Amino acid sequence: MTDEHHGTEPPSEAALRIKAMEQVLIEKGLLEAGAVDTIVDIFEHQLGPKNGARVVARAWSDEAYHQRLMTDATAAILELGYSGFDGEYMVVCENTAEVHNVTVCTLCSCYPWPTLGLPPMWYKTAAYRSRVVIEPREVLKEFGLTIADDVEVRVWDSNNELRYLVLPMRPAGTDGWSEEQLAKLVTRDSMIGTGLPLTPEQLAAQEASA
Amino acid sequence: MNSIHDLGGMTGFGPMPFEDNEPVFHEEWERRTFGVNILSLMAGLYTADESRHAMERIPALRWLKSPYYEHWLDGTATLLVELGIATEEELRTGKATEGVPDWVAKLKAVPAEAVAAIVATNHNKHGQVDHAPLFKKGDRVRTKNIHPKTHTRLPRYIRGHVGVIHEYRGPFFYADKRTIHDPEVACHTYSVRFDGKELWGESAGPKDAVYIEMYETYLIPEQEQADD
């Protein structure tokens, strides 16, 4: 285990500390006990990459929507019902044959919550945050993604209020697919820029083994 | 501040750590810590900028050793004590014995039934700036060589380098000032493109670039010296 930021072995002290903090805030009338469960439920069950996948699938299917997404991403994403905390000022970075985009927050862990939910652990680690700006291609290789030397790699460091969603390229062999079918190809990592969407063959293999 | 959180370009943290079937939270204390921090923010006890700044002030060795959500826990505790909302003793015992400042007494707990709507609201982060943007798309700019002891969103790896204005983004609240009790100050903000070779010299990969948002106060025209 080389990474110190993993959450699997919490000191029991942390459990005691947060319990005490919660009690004090409740007693002072600054926190409602049930509200913690409500907000946790939203982030565990409602927000997540399925939302972003709908945005991507719509952009692949509907050129007018794609245009709106590139001009005013926040408004276009709101059309599908996604908005709010850490998604107030959205920018979509479109991958092309010439440009591959990847997102990071080197100073903390900023991430587009309405479309992707809370970030995976690796996104928050010192390993990712330190390396992806200086050696993005090496980092992407560890994700199994090799970017050709003639393709520009753009790393978006979300250090301010903007949040970025990568629009991956539509996989070949998907002509005539519905938005619902296309959305199944869109992985979380393909919207961070550390992966590509599934191919139709990969999706078929995944569904066969499920 | 030049603390351990400012990681861009460092070496020594190992390969990418992956976890199959990773849950959103691993432990109950992580859920509670996330919830308490965000709800305190929603209630108006502090801003997200203050929350980040509190985490940046965790001593480096402790920061490196502690798991991610312990940073949140430490940061929240620091703010509650600094703002006079709770004492260290109260946070240890879980029993409220002291009052709160007048501005806090006026705040209310966020009701559970109001949470979903607040989380889904696009809250404004723009303020008033009394001058037009100084730079426009395509301008070549240099970042200042500054090392404030307070909160900044200008990472070390970007300081003193030349980039090109990619887009004007708007008059955003100024995090550097929000964390020193000046919450309404705003600053013109730009996405700036830095070529990999400019940031990393010969270590840069072929055709790499970093795009990052810069407050106008971080930037000077290319010709001027960064440490002026």
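About the thresholds
Residues numbered from 1 in each chain as written. Chains lettered and ligands numbered in written order. Predicted model: local features only at pLDDT ≥ 70, side-chain atom pairs only at ≥ 80, totals over all residues. Heavy atoms only, no water. Helix = DSSP H or I, 4+ residues; strand = E, 2+ residues; numbered from the N terminus. Buried < 20%, exposed > 50% of the residue type's maximum accessible area, 1.4 Å probe, protein only. Contact = heavy atoms within 4.5 Å. Areas by Shrake-Rupley, 256 points an atom, 1.4 Å probe, with all protein chains shown as cover. Lys, Arg positive; Asp, Glu negative; His and termini not counted. Charge placed at Lys NZ, Arg CZ, Asp CG, Glu CD. Pairing = 2+ DSSP bridges. Domains from an automatic or database assignment. Buried area = accessible area lost by both parts, 1.4 Å probe. Salt bridge = Lys/Arg side-chain N within 4 Å of Asp/Glu carboxyl O. Polar contact = N/O pair within 3.5 Å; in protein donor to acceptor, adjacent residues only side chain to side chain. Nonpolar A, V, L, I, M, F, W, Y, C, P; charged D, E, K, R; others polar. Expected span 1.5 Å × (residues − 1).

### A closer look at the overall build of chain B
Turning to step 1, where the next piece is worked out: When its secondary structure is counted, chain B shows 9 helices and 5 strands.
Turning to step 2, where the next piece is worked out: When the elements of chain B are put in sequence order from the N terminus, they spell out α-α-α-α-α-α-α-β-β-α-β-α-β-β.
Turning to step 3, where the next piece is worked out: Looking at chain B as a whole, 52% of its 228 residues qualify as buried.
Turning to step 4, where the next piece is worked out: Here the contacts in chain B between residues at least 6 apart in sequence split such that 65% fall between residues at least 24 apart.
Turning to step 5, where the next piece is worked out: Carbon and sulfur atoms make up 53% of the accessible area of chain B, which totals about 10,400 Å².
Turning to step 6, where the next piece is worked out: Charge separation in chain B, taken as the distance between the mean sites of 26 positive and 35 negative side-chain charges, equals 2 Å.

### Concerning the pairing of strand S3 (residues 186–195) of chain B
Residues and elements named next belong to chain B.
Turning to step 1, where the next piece is worked out: Across the 10 residues of S3, 8 count as buried, placing the element largely inside the fold.
Turning to step 2, where the next piece is worked out: Across 8 bridges, strand S2 (residues 162–173) lies against S3 in antiparallel orientation. Its bridge partner being in S3, glutamate 167 is matched across the sheet by serine 191.
Turning to step 3, where the next piece is worked out: Two elements, S3 and strand S4 (residues 208–215), share 7 bridges in a ladder whose sense is antiparallel.

### With respect to the side chain of His53(B)
Turning to step 1, where the next piece is worked out: With respect to the helices and strands, His53(B) occurs in helix H2 (residues 48–56).
Turning to step 2, where the next piece is worked out: When residues no more than four places from it in sequence are discounted, the contact partners of His53(B) are Met1(B), Thr150(B), His151(B) and Thr179(B).

### With respect to the domain arrangement of chain B
Residue and element names in this part refer to chain B.
Turning to step 1, where the next piece is worked out: With domains assigned, chain B is organised as domain 1 (28–119) and domain 2 (140–221).
Turning to step 2, where the next piece is worked out: Spacing between the C-alpha centres of domain 1 and domain 2 amounts to 28 Å.
Turning to step 3, where the next piece is worked out: Taken residue by residue, the interface counts 6 residues in domain 1 and 7 residues in domain 2.
Turning to step 4, where the next piece is worked out: Summed over both sides, the interface between domain 1 and domain 2 buries roughly 620 Å², with carbon and sulfur atoms accounting for 56% of that surface.
Turning to step 5, where the next piece is worked out: Of the charged contacts in the structure, one is a salt bridge between glutamate 56 and arginine 153, with a shortest N-O distance of 3.9 Å.
Turning to step 6, where the next piece is worked out: Our count for the domain 1 to domain 2 interface comes out at 1 residue pair in polar contact (both at pLDDT 80 or more).
Turning to step 7, where the next piece is worked out: Across the side of domain 1 that touches domain 2, the residue classes tally to no nonpolar, 2 polar and 4 charged.

### Focus: the environment of Gly205(B)
All names here are of chain B.
Turning to step 1, where the next piece is worked out: For glycine 205, the location among the structural elements is in the loop between helix H9 (196–200) and S4.
Turning to step 2, where the next piece is worked out: With a relative accessible area of 17%, glycine 205 lands in the buried category.
Turning to step 3, where the next piece is worked out: In the structure, glycine 205 is positioned 149 residues away from glutamate 56 in sequence and 30 Å away in space, judged by C-alpha atoms.

### Describing the interface of chain B and chain A
Turning to step 1, where the next piece is worked out: In this complex, chain B contributes 102 residues to the contact, which on the side of chain A involves 86 residues.
Turning to step 2, where the next piece is worked out: Carbon and sulfur atoms supply 61% of the area buried between chain B and chain A, which totals about 8,400 Å² over both sides.
Turning to step 3, where the next piece is worked out: Here chain B and chain A share 9 salt bridges between them.
Turning to step 4, where the next piece is worked out: One salt bridge connects Asp37(A) with Arg32(B), and the closest N-O pair in it is separated by 2.8 Å.
Turning to step 5, where the next piece is worked out: Along the contact surface separating chain B from chain A lie 42 residue pairs in polar contact (both at pLDDT 80 or more).
Turning to step 6, where the next piece is worked out: Top element by residues in the side of chain B that touches chain A is helix H1 (residues 28–43) of chain B. It accounts for 13 residues.
Turning to step 7, where the next piece is worked out: In terms of residue class, the side of chain B that touches chain A is made up of 52 nonpolar, 24 polar and 26 charged.
Turning to step 8, where the next piece is worked out: For strand S3 (residues 152–157) of chain A and S4(B), the ladder comprises 5 bridges, and the chain directions are parallel. Among the inter-strand pairings, Asp157(A) is bridged to a residue of S4(B), identified as Ile212(B).

### So, helix H2 (residues 33–46) of chain A
Turning to step 1, where the next piece is worked out: Helix length check: H2(A), at 14 residues, gives a terminal C-alpha distance of 20 Å against a target of 20 Å (1.5 Å per residue), a fit within 8%.
Turning to step 2, where the next piece is worked out: The elements touched by buried residues of H2(A) are helix H1 (12–27) and helix H6 (113–116) of chain A together with H1 and helix H7 (115–119) of chain B.

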